[in-house]
Amino acid sequence: MATLGIDGTGQRLLRRLNPGPGGWQVGLATVATIGVALGLSALLIAVTGGSPTASTKALYQGSMASPAAWSTSLLYVAPLLLVAVGACVSARSGFFNIGQEGQVLIGALAGAWVGLRLAVPGPLLLVLVLLASVVGAGIWAGLSALMYRFRGVNVVVSTMLMTFLAQQLISFAVNTPWLLQESRLGRGTLSPQSNPVPENARLTSLGEYPNLQLNGGLVLAVVVAVVLALVMARTRWGFRLKMVGLNPATARHAGVRVGALGGIALAISGALAGLAGALLLTSPVGTNRLQPGMSLNIGWDGLLVALVARNNPLLAIPVAVLFGVLRAGGSFLAATGVPSFLVDVVKALLVLAFVAPPVVIGMLRRRRLADQPSTPTSTPTAPPAATAAPTPTAPPAAAASTDPADTSAPVAGSAQAEPAGSTAPVPGPRSTAPPPADPGDAGNKDAMEGRLA
Amino acid sequence: MDVDDQLTPALTLRGVSKRYGPVVACDAVDLAVRPGEIHGLLGENGAGKSTLMKILLGLVHRDAGTITRGTEPVEIDSPQVAADLGLGMVHQHFSLIEPLTVWENVILGDTGRIDRAAACAQVEEVSRRYGLPIDPNVRVDRLSAGERQRVELIKCLRRDPSILILDEPTSVLTQAESAELFTVLRRVVQAERRAVILISHKLAEIMAATDRVTVLRRGAVAFHGATKDTTAQQLARQMVGREVSLQSESAALGLLPVERPAPVGEADGAVVPPTAPGPAAQDEPAALRLREVTMLIGGLPVLDKLSLEVAPGEIVGLYGVEGNGQATVGELLAGLLVPDSGTVEIDGRPVDLVRPGALHHAGLGIVPEDRHHSGVVLDMSVAENLVMKSLAAVTTRGVLSRRRMHKIAQQRMTEFNIVAPSPDTPLRSLSGGNQQRVVLARELSAGPKALVAAQPTHGLDVGAIEDMYVRLRQAAAEGVAVLLISTELEEVMALANRIAVISSGRIVGVLPTAEATAERLGMLVGGVSH
Amino acid sequence: MSAADNIATILSSGARLTVPLAFAACGEYVAQRAGTLNISVEAMMLGAAFGSIAVASATGSATIGLVAGALVGVAVAFVHGILSHRVQINTFVVGLVLNALVLGLTSYLITVSTFTGHQVWQVDIPVLRDIPIVGPMLFVQRWPVYLLLAVIPLTWWLVERSRWGLELRAVGENPQAADVSGIEVNKRRRQALLWCGLLAGLGGAYLAVGEVGSFNQNMTAGRGYLVIAAVIFGAWRLGRTLIGCVVFGLADAMRLALPALGVTMNSQLLIAAPYLLALLAMLVFATTHREPRALAQPFQRGTT
């Protein structure tokens, strides 16, 4: 295995593959939990009168059985991957963005506006559409960063709330004739949607293959993923991003503009979600029109992809393919009588299956280390204190040993063995200094824990 | 204390052991505490004092040994059981909830229905009985450190504990407040026959306030006896585990009562700064100067027009009781806070504190007080932590060179005796002393003009402490201006050329160490300025 | 119709739309005071709405359905509590996953099954309902509305006056201190979540068996997020939170009622209003609105 290791690359690769003691346990446990997740899904189908094997077959046929099926799957992969890579960047910086669903829509809105209003010839229009979506959604997400920087507004909350604003903004745009609502053709009633973007603002297939549409969007997304993976792992900027995410106070101390860097990460994450929105607008996934429901939950799903990929853009590629396959298969599934919503259940269970094992095993290891020989024995019922009148609302706090988390005792270093986390900043009580710099008791404030996985 | 020797101990520990993985925290500890005595539990940081107390409080389960309460063997497996057995603890940190009122804090952890009137009456009753005046209806975040300590005591005494455990209770108190505390404790043991366990690493305090003393060293009992039959030197020797001379290191460890106004270097002789301290240093321009720095937190001045200067080659000790603004000075100089007014000058040039890293670029190094919070990134490697402030040296057009990073890291690890399996080891897995060396290596190798060391020896073992002292002296000898922020009088007396005393966010006096006596400093610390 | 009638109609429908929000907000308020920024409140409401109709359809009793809905909310809360306050998975991740899971599951199940509609009975007080303007709002409502009137003071009492509430607040403000005082931090947080689940469940169930009488896919449509917005808008005070719910409910009622009254108003703005108000509240009152200091910070002993 180490034959690669002429320049140490192989060794580094090995080191990375082996996440230290407990790594194999995590791997095994993940396989087991995936089994459980799939088993539960199968059970759900069986209980509701479906056939798990038939459903699996349908999923396969709809997503992978033919070039056409692969085309559909891959059409979904591109926007999913872009959203996921953005989520990786923001989560790394500790500014945890959960507003991708809205940012996708804003990207599509900006793209549609440029596509429909600018009369630019040739593929330049497409480029402008994509650029507009990047800029528009980047600014939209950047607003959250500004709200945090100047008023200390929690990033998770603001990005979440802004998703709903974005939805209504789109709805407003496509219901308002002087904005983007479709122009009247004949006497039909107007639908809440825009005109289709012109042909020269659409992504076309790369090359001509029978039945296989390889969309340019996919290439774009993979390139973005690889580039950002490299940037995060190999550049000064990536180094600083990691520092900010892992310990904003030290980063600031080391001369990093924490707020600015986090804001940029947030804006990048929004911009990529916006680009995903532009892909939805310009590629054959949809109708090439701006519509209120056109985000197709890609924003939420992309976030899940990042969670499964543990914030690693390269890992996000196969995970995005998996999610794309599930999506494409889901549409096909409906034809066999099993509602496509099944794949949503499968996806959510899969995320849990990937996220839980490392955390659980980390906890178990900590417990074992902290409390090795003395396993918490039975909990003796606390002798009622003489003064204590029994009350229904206050159970005696004697059950300490029943709570696994509580038995972990401080060990030099090991009690914090779990990555303390990508932090979504929480406003501190003052706004004179950026919250990560809060002194004393507020010092903990800057870290709203969140190592995802 | 022959009479006490015949009494049944209130609490007896026999062979209590506790391991954390490979680390032995408590090794067959025997301890007997009698009613009517103040029992000192002395030990360095990490000697096992805290673990022992956590076992007594039911926060940690022991691996072996027995605990006897009076004559009954007991099993303490939750804080509730501990409370029911009459064990009460006054915590060093983290035990009051600021937005809650005094009475709410006091009844926290009880069970049963809340009766506000009764709770307030009880607080007032306890506060009258022990002379600890406090208003039960005021919110804790409005109280001073001394008042908070009173609340802690009331919270504990209200439950009528037969055994009181105090964990480093004086670390946030002035000398006057400490004296008040010990008076209360004396009353508690003499008039009410309670037992008190006083955990401390300050020898002076143990000598002055306790009846019996147990010394812990590396988890095991190293000494046990009546306080009056022993001497400070003897205890110091037992605590450290080797002969300690009356030299600066031992004094700085807080092993010795402070009586000796000796300037640095005189007694030690190992490393004497070539630049003579005191007047000579005054002629040169200050390498680090704080000018009228004011910092408001929540509308209250934490720093109040604080001015301070440190000349090249000089060590200035910023001494004061915890909570008087020295932590804020540290955070300010770490670039974590921006003052409301005033300037920081390095080498005569004011620094724009709003720009992150400006202090570093201007030539200020810092060993921050809480290194986990702002000194290192635990989940990054040793190498990454070593180069994080000098990324320019390891990057070409923004791209990192791992090879160069490793090379620099290796050099610094060798130079500063950092013990780690490889530069790629996560910093988290290093010992506290080695983590601190990483910080120091990073800061000193940047060639700073001034170095701030905030509580640099907190939580370190003796070897690491000595190492730190040697490095600080060396830095001063090489012409670096060193600002030592410390709450340990002994540490400051041993290292500093001049001592600046901080109280309520102001410098209340600056003394050459030769002129500083415990009394004068005590007066200054207590706010009695001239 | 007279103007008074119109106002009465809007008030009455505003009250109905407020009820599910207010139930859930009482729960979310408690969870946040204990330090959990619980975004799975959406899942709790949606799951409860589905559960209430499913059980009501099976048993023929809307009231049993309501109870079952509340229990579904508790079940979601239980899972959330285990995952984020025992296993210590990031609470936002847990919330996102639960929201996705419950949405998928209920959407799937409602597609493969058919339920009959059920609705809890309506209180209609003969004379009082004729009081102009406020009569219909106060005296013609389905009975869970009156349950809400009991839940609100109970929630207030629990948080502000009971020992459990004192411990909750302690846990939300400073978990380390609460821990050394002998309070089991994560247990209290789980309990607060269960209370949140119960009330969010009642809110969601009311939506199905109270308000509409049936279940449709993604029935709550983001009401859970609205509830979070209400708690933030209310600056972590129960009274202001409920005022937020009323404002949001009225905005919704106006959106539905105004077109019928011939008033044109931007419906998108009305839908977006709650989120906009919550954001504005955070922006404007950033310095005076103090959230629980340990909000969304996980607690593990020994990690200060």
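Keep in mind that this is a model prediction, so the values were computed, not measured.

J.: Go over the overall build of chain B, please, and point to the residues and values.
T.: A tally of regular secondary structure across chain B gives 20 helices and 22 strands. Across the 530 residues in chain B, those meeting the buried criterion constitute 55%. Of the contacts made within chain B by residues no fewer than 6 positions apart, 68% connect residues no fewer than 24 positions apart.

J.: Break down the overall build of chain A for me, citing the residues and quoting the values.
T.: Across its full length, chain A holds 15 helices and zero strands. Put simply, 73% of the contacts in chain A that link residues at least 6 apart link residues at least 24 apart.

J.: Residues and numbers for the sheet that holds strand β13 (residues 315-319) of chain B, please.
T.: All names here are of chain B. Ordered by their spatial adjacency, six strands build an open sheet running β16-β19-β20-β13-β21-β22, and the pairing between neighbours is mixed. Each edge of the open sheet is held by one strand with a lone partner, namely β16 (364-367) and β22 (506-512). Averaged over all neighbouring strand pairs, the angle between strand axes comes to 20°, with direction disregarded. Bridging between strand β19 (residues 450-454) and strand β20 (residues 481-486) involves five bridges; their strand directions are parallel. Paired with Ala-450 across the two strands is Ala-481, which belongs to β20. Here helix α17 (residues 432-444) sits on the sheet in contact with β16 and β19, set at roughly 175° to β16.

J.: Explain the sheet that holds strand β12 (residues 300-310) of chain B to me, using residue names and the numbers behind them.
T.: Residues and elements named next belong to chain B. Spatially, four strands are ordered β12-β11-β14-β15 in an open sheet, and the strand pairing comes out antiparallel. Edge strands, defined here as strands with exactly one partner in the open sheet, are β12 and β15 (349-350). Across seven bridges, strand β11 (residues 288-297) lies against β12 in antiparallel orientation. Of the residues in β12, the one forming a bridge with Arg-289 is Glu-309.

J.: Go over the pairing of strand β9 (residues 212-217) of chain B with me, naming the residues and quoting the values.
T.: Residue and element names in this part refer to chain B. Most of β9 sits inside the fold, with five of its six residues counted as buried. Pairing between strand β3 (residues 38-42) and β9: four bridges, direction parallel. Paired with Leu-42 across the strands is Val-215, a residue of β9. By the bridge criterion, six bridges tie β9 to strand β10 (residues 220-226) in an arrangement that is antiparallel. Looking at the pairing, Thr-214 lines up with His-224 of β10. Adjacent in sequence and paired antiparallel, β9 and β10 are bridged by two residues, among which Arg-218 carries a positive phi angle near 45°.

J.: Account for α17(B), with residues named and values stated.
T.: Residue and element names in this part refer to chain B. Across its 13 residues, α17 extends 18 Å between first and last C-alpha, which sits within 8% of the 18 Å expected from 1.5 Å per residue. Within α17, 12 of the 13 residues are buried, leaving the element largely enclosed by the surrounding structure. Listed as buried for α17 are Gly-433, Asn-434, Gln-435, Gln-436, Arg-437, Val-438, Val-439, Leu-440, Ala-441, Arg-442, Glu-443 and Leu-444.

J.: Kindly report on unusual backbone geometry, identifying the contributing residues and their values.
T.: Phi at A:Asn297 is positive, roughly 60°, even though this residue is not glycine. Secondary-structure assignment places A:Asn297 in the loop between α11 (258-282) and α12 (298-308). One non-glycine residue, B:Lys305, adopts positive backbone phi at about 50°. Mapped onto the fold, B:Lys305 is located in strand β12.

J.: Got a sec to walk through the nonpolar core? Specific residues and values, please.
T.: In terms of nonpolar packing, the biggest core is built from 400 residues, with A:Leu81, A:Ala84, A:Ala316, B:Val482 and B:Leu484 touching the most fellow members. When residues no more than four places from it in sequence are discounted, the contact partners of A:Ala84 are A:Gly302, A:Val305, A:Ala306, A:Ala309, A:Ala316 and A:Ala320.

J.: Can you tell me about helix α6 (residues 144-160) of chain C, naming the residues and giving the values?
T.: An α-helix turns once every 3.6 residues. As a result, residues three or four positions apart point the same way. Residue and element names in this part refer to chain C. A rise of 1.5 Å per residue sets the reference length of α6, with its 17 residues, at 24 Å; its end C-alpha atoms lie 24 Å apart and thus fit the reference within 8%. Of all the positions in α6, only Pro-144, Val-145, Leu-148, Thr-155 and Val-159 are classed as buried. Of the surrounding secondary structure, the elements contacted by the buried residues of α6 are α1 (3-33), α3 (62-85), β2 (140-142), α7 (163-173), α9 (185-212) and α11 (238-257).

J.: Explain the packing of α7(C) against α9(C) residue by residue, including any values.
T.: All names here are of chain C. Taken N-terminus to C-terminus, the directions of α7 and α9 make an angle of 115°; their axes are 10 Å apart at the nearest point. As the angle between them shows, α7 and α9 are arranged roughly perpendicular. For α7 against α9, the interelement crossing comes out left-handed. Between α7, through Glu-167, Leu-168 and Val-171, and α9, the contact on the second element is made entirely by Val-185, Arg-188, Arg-189 and Ala-192. The residue inventory of the contact of α7 with α9, partitioned by class, reads four nonpolar, no polar and three charged.

J.: Before we move on, could you go through the packing of helix α8 (residues 216-234) of chain A against helix α13 (residues 313-335) of chain A and cite the residues and values that matter?
T.: All names here are of chain A. Where α8 meets α13, the axes come as close as 8 Å, and the angle between the chain directions of the two elements is 155°. It follows from the interaxial angle that α8 and α13 lie roughly antiparallel. On α13, the residues touching Val-222, Ala-225, Leu-228 and Ala-229 of α8 are Pro-313, Leu-314, Ala-316 and Ile-317. Tallied by class, residues from the contact of α8 with α13 come to eight nonpolar, no polar and no charged.

J.: Explain the confidence of the model for chain A to me, and be specific about the residues and the numbers.
T.: Residues and elements named next belong to chain A. Overall, the predicted model of chain A reaches an average pLDDT of 76, with 73% of residues at or above 70. Put simply, helix α15 (residues 404-407) is where chain A has its lowest mean pLDDT, 34, and helix α5 (residues 100-117) is where it has its highest, 95. Low pLDDT (under 50) marks residues 1-10, which in the prediction has 11 contacts with non-local residues, meaning those over four places away or in another chain. In this model residues 372-453 is a low-confidence stretch, pLDDT under 50, and it forms 224 contacts with partners more than four residues away in sequence or in other chains.

J.: Explain the environment of B:Trp103 residue by residue, including any values.
T.: Residues and elements named next belong to chain B. One can find Trp-103 in helix α4 (residues 102-107). It is 8.9 Å that separates the C-alpha atoms of Trp-103 and Arg-139, two residues lying 36 residues apart in sequence. Apart from the residues within four sequence positions on either side, Trp-103 is in contact with Arg-116, Ala-119, Cys-120, Val-123, Pro-136 and Asn-137.

J.: So, the confidence of the model for chain B: which residues are in play, and what are the values?
T.: All names here are of chain B. Put simply, chain B has an average pLDDT of 81, and 86% of its residues get 70 or more. Ignoring residues within four places in sequence, the model shows residues 244-282, a span with pLDDT below 50, making 89 contacts including any to other chains. Interface predicted TM-score (ipTM) for the complex: 0.89; the corresponding pTM is 0.81.

Reading guide: rules and limits
- Residues numbered from 1 in each chain as written.
- Chains lettered and ligands numbered in written order.
- Predicted model: local features only at pLDDT ≥ 70, side-chain atom pairs only at ≥ 80, totals over all residues.
- Helix = DSSP H or I, 4+ residues; strand = E, 2+ residues; numbered from the N terminus.
- Buried ≥ 20, exposed ≤ 12 C-beta atoms within 10 Å, placed from the backbone.
- Contact = placed C-beta atoms within 7 Å.
- Pairing = 2+ DSSP bridges.
- Axes fitted to C-alpha atoms, helices over the stretch in contact; angles between N-to-C directions.
- Expected span 1.5 Å × (residues − 1).
- Core = buried A, V, L, I, M, F, W, Y, C linked by C-beta atoms within 7 Å.
- Parallel < 35°, antiparallel > 145°, perpendicular 65-115°, else oblique.
- Left-handed = near helix turned anticlockwise from the far one by under 90°.
- Nonpolar A, V, L, I, M, F, W, Y, C, P; charged D, E, K, R; others polar.
- pLDDT = per-residue confidence, 0-100.

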